[in-house]
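# Structural characterization, general
Next come the chains, spelled out residue by residue.
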Amino acid sequence: MPERTQVGIVGCGPAGLFLAHLLHRAGIEAVILENRTREAVEGTIRAGVLEHWVTELMRELGLGERMAREGHFHSGITLQYGLNRFHLDMEGLTGGKRVTVYAQHEVLHDLIAGRLADGGTIHFGVSGTAFHDVESDAPRISFRHADGRADELLCDYVIGADGFHGPARQAIPAAMRREYTKTYPFGWLGILARAPISWPELIYARHEDGFALLSTRSPQIQRMYIQCDPKDDIANWPDERIWSALHRRLETAGGTEGAWRLAEGTIFQKGIIPLRSFVCETMRHGRLFLAGDAAHIVPPTGAKGLNLAVADVLILSRALEDAIRHNRTDGLDAYPATALRRIWKAERFSWMMTTMLHRNDAETPFEHRIRMADLDFLASSRNAQAALAENYVGLPFES
Ligand code: PHB
């Protein structure tokens, strides 16, 4: 017998899990299908910054206990360029909002545990996931369980929260999809190192060698990134080369050369990711709805990816609740337009942070000077800082 549920969700990332929790709170059943194993989902290193309201939402959902203990609450960030270093006081500029540095895989760990404790179903390790009859009132998802058994999930609505490479977006006919892409000529080399905290907040640095970011995971584990060629091979980056690049880019900016030293440690994870911006505006096809990376990608410079995924499903959960419990579908009809207003603002912010902070040899000397003027303006204008802070801590929701 095929399984039946109200909302079938493909993807056990931030979008799928937050949606399942929000629907459960509204008394609506959902089942999640995930092609990776639980260990792989909980072990994949991704983003780390939660906007103010996401932290509040975790608390409201009863999922904030470990985050309150182990997360780091940051009230500002440090920006560096040339010889300049300045502190951007987010809390002061936004009337008291902060961000939380708490790794995405820790968020997923807490959400999965909460879902299972609530009696929710997550099928891990499935394969061959395919959407069917999404234009009808009875959409279905076919898949194979981890043990190879073929099965089907019969639903009222189906959600593609399956990431950029998942099958959901492809289930919308290509001719109907409106998509926008920008690829950047650089990538990020990210490391995790067992090392002490070097600086009390995140540092975003523009250096003539390229961008660098200092972040953290815990008092013992630090996360750092350097701009690199997206096609570079990680084998070209032995640990000494990474440390030397981090020292140069983080210490020489700031005008404090010699005064402040980045603490080194043991690198235990490293990898290169490309930077890209992408939006698929066709976020709905019949009873299939896209959320999170399935519909949009941002470069990590603005720390918006996870937050945007959660914003999508907050909007979508309210619309599904109206449709399923109150027979009103106007919220679902408006979902793409409502979500896209927020998505494009996050795309704009992430693109702006990326272009302002990276070295780009494809730019003209004129454009280069404009970037430096952007940073000079930001360093000296409270209004410019307030605009950055407002975006960084998370824009308000439309009521
Ligand atoms: C991270 O800690 O992984 C991180 C922090 C800030 C960003 C991107 C990534 O903008």
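Presented here is an overview of the structure given in this document. (Residues numbered from 1 in each chain as written. Predicted model: local features only at pLDDT ≥ 70, side-chain atom pairs only at ≥ 80, totals over all residues. Heavy atoms only, no water.)

### Digging into the site of the ligand
- Taken together, 13 residues lie near the ligand, and Tyr204, Ser215, Arg217, Tyr225 and Pro300 sit nearest.
- The contact in question runs from an oxygen atom of the ligand to an N or O atom on the side chain of Tyr225, over 2.6 Å.
- Pro300 places a main-chain nitrogen or oxygen 2.9 Å from an oxygen atom of the ligand.
- Here the ligand loses 98% of its free accessible area of 280 Å² to cover by the protein chains. (Near = heavy atom within 4 Å. Polar contact = N/O pair within 3.5 Å; in protein donor to acceptor, adjacent residues only side chain to side chain. Areas by Shrake-Rupley, 256 points an atom, 1.4 Å probe, with all protein chains shown as cover.)

### Section: the nonpolar core
- Judged by nonpolar contacts, the single largest core of 76 residues is most densely connected at Ile9, Phe18, Ile159 and Leu320.
- Considering every element that reaches this core, the biggest residue donor is helix H9 (residues 305-326), with 12 residues.
- Those residues within four positions of Ile159 in sequence are excluded, and the remaining contacts are Val7, Gly8, Ile9, Val10, Leu19, Phe131, Leu288, Phe289, Leu316 and Leu320.
- Met90, Tyr225, Met356 and Val393 belong to the second-largest nonpolar core, a separate cluster that totals 31 residues. (Core = buried A, V, L, I, M, F, W, Y, C linked by side-chain atoms within 4.5 Å. Buried < 20%, exposed > 50% of the residue type's maximum accessible area, 1.4 Å probe, protein only. Helix = DSSP H or I, 4+ residues; strand = E, 2+ residues; numbered from the N terminus. Contact = heavy atoms within 4.5 Å.)

### Comments concerning the pairing of strand E15 (residues 203-206)
- The alternating pattern of E15 places Ile203 and Ala205 and Tyr204 and Arg206 on opposite faces, both of which are buried.
- With four bridges connecting them, strand E6 (residues 77-81) and E15 associate as parallel partners. Opposite Tyr81, over in E15, you have Arg206 as the bridge partner.
- Hairpin remark: E15 followed by strand E16 (residues 212-216), antiparallel, with five residues in the connecting loop; positive phi at Gly210, about 135 degrees. (Pairing = 2+ DSSP bridges.)

### Some remarks on empty space enclosed by the protein
- If you walk through the whole model with that rule in mind, you get one cavity of 30 Å³ or more.
- Its boundaries defined by the atoms lining it, the largest cavity holds a volume of some 70 Å³.
- If you go around the largest cavity, the residues you meet are Glu51, Lys304, Asn307, Leu308, Arg342, Lys345, Ala346, Asn391, Gly394 and Leu395.
- Residue assignment for the lining of the largest cavity shows that the elements contributing at least two residues are H9 and helix H10 (330-357).
- Considering only residue class, the lining of the largest cavity consists of three nonpolar, three polar and four charged. (1 Å grid on protein atoms, 1.4 Å probe; cavity = no way out; pocket = protein on both sides within 12 Å on 5 of 7 lines; lining within 4 Å. Points joined across faces, edges and corners; volume = space filled by probe spheres on them. Nonpolar A, V, L, I, M, F, W, Y, C, P; charged D, E, K, R; others polar.)

### Concerning the packing of aromatic side chains
- All told, the structure shown has 12 aromatic pairs when counted by the stated rule.
- Ring geometry for Trp188 and Phe211: centres 5.2 Å apart, planes at 20 degrees, overall stacked. One end of the pair, Trp188, is in strand E14 (residues 179-194); the other, Phe211, is in the loop between E15 and E16, with 23 residues separating them in the sequence. For the residue pair Trp188 and Phe211, the accessibility class agrees, reading buried in each case.
- Measuring from ring centre to ring centre gives 6.3 Å for Tyr204 and Phe211, while their planes differ by 45 degrees; the resulting arrangement is tilted. Residue Tyr204 shares its accessibility class with Phe211, and that shared class is buried.
- Ring-pair connections join several aromatic residues into one group, and the members of that group are Trp188, Tyr204, Phe211, Tyr225 and Tyr392.
- The ring of Trp260 carries the charged tip of Arg85 above its face, separated from the ring centre by 5.2 Å.
- Over the face of the ring belonging to Phe164 we find Arg276, whose NZ or CZ atom lies 4.2 Å from the ring centre. (Phe/Tyr/Trp six-rings, centres within 6.5 Å; stacked < 30°, edge-to-face > 60°. Lys NZ or Arg CZ within 6 Å of the ring centre and 35° of its normal.)

### Describing unusual backbone geometry
- For Asp133, which is not glycine, the phi dihedral falls at a positive 50 degrees.
- Mapped onto the elements of the fold, Asp133 is located in the loop between strand E10 (127-132) and strand E11 (140-144).
- Asp133 gets classed as partly exposed once you look at its relative accessible area, which sits at 41%.
- Residues other than glycine seldom take positive phi values, yet Asn327 does so here, at roughly 60 degrees.
- Structurally, Asn327 is set in the loop between H9 and H10.
- Taking relative accessible area as the criterion, Asn327 reaches 73% and is therefore assigned exposed.

### So, the sheet that holds strand E20 (residues 288-290)
- Spatially, six strands are ordered E9-E3-E2-E13-E20-E19 in an open sheet, and the strand pairing comes out mixed. Bordering the open sheet on either side are strand E9 (121-123) and strand E19 (284-285), each of which pairs with just one other strand.
- Pairing between strand E3 (residues 30-33) and E9: three bridges, direction parallel. Looking at E9, one finds that Leu33 is bridged to His123.

### A few points about the packing of H9 against H10
- Interhelical geometry of H9 versus H10 gives an angle of 165 degrees and a closest axis separation of 9 Å. The orientation of H9 with respect to H10, classified from their angle, is roughly antiparallel. Read as a crossing pair, H9 and H10 show a hand that is right-handed. In contact with Leu308, Ala311, Asp312, Ile315, Leu316, Ala319, Leu320 and Ala323 of H9, H10 contributes Gly331, Leu332, Tyr335, Thr338, Ala339, Arg342, Ile343 and Ala346. (Axes fitted to C-alpha atoms, helices over the stretch in contact; angles between N-to-C directions. Parallel < 35°, antiparallel > 145°, perpendicular 65-115°, else oblique. Left-handed = near helix turned anticlockwise from the far one by under 90°.)

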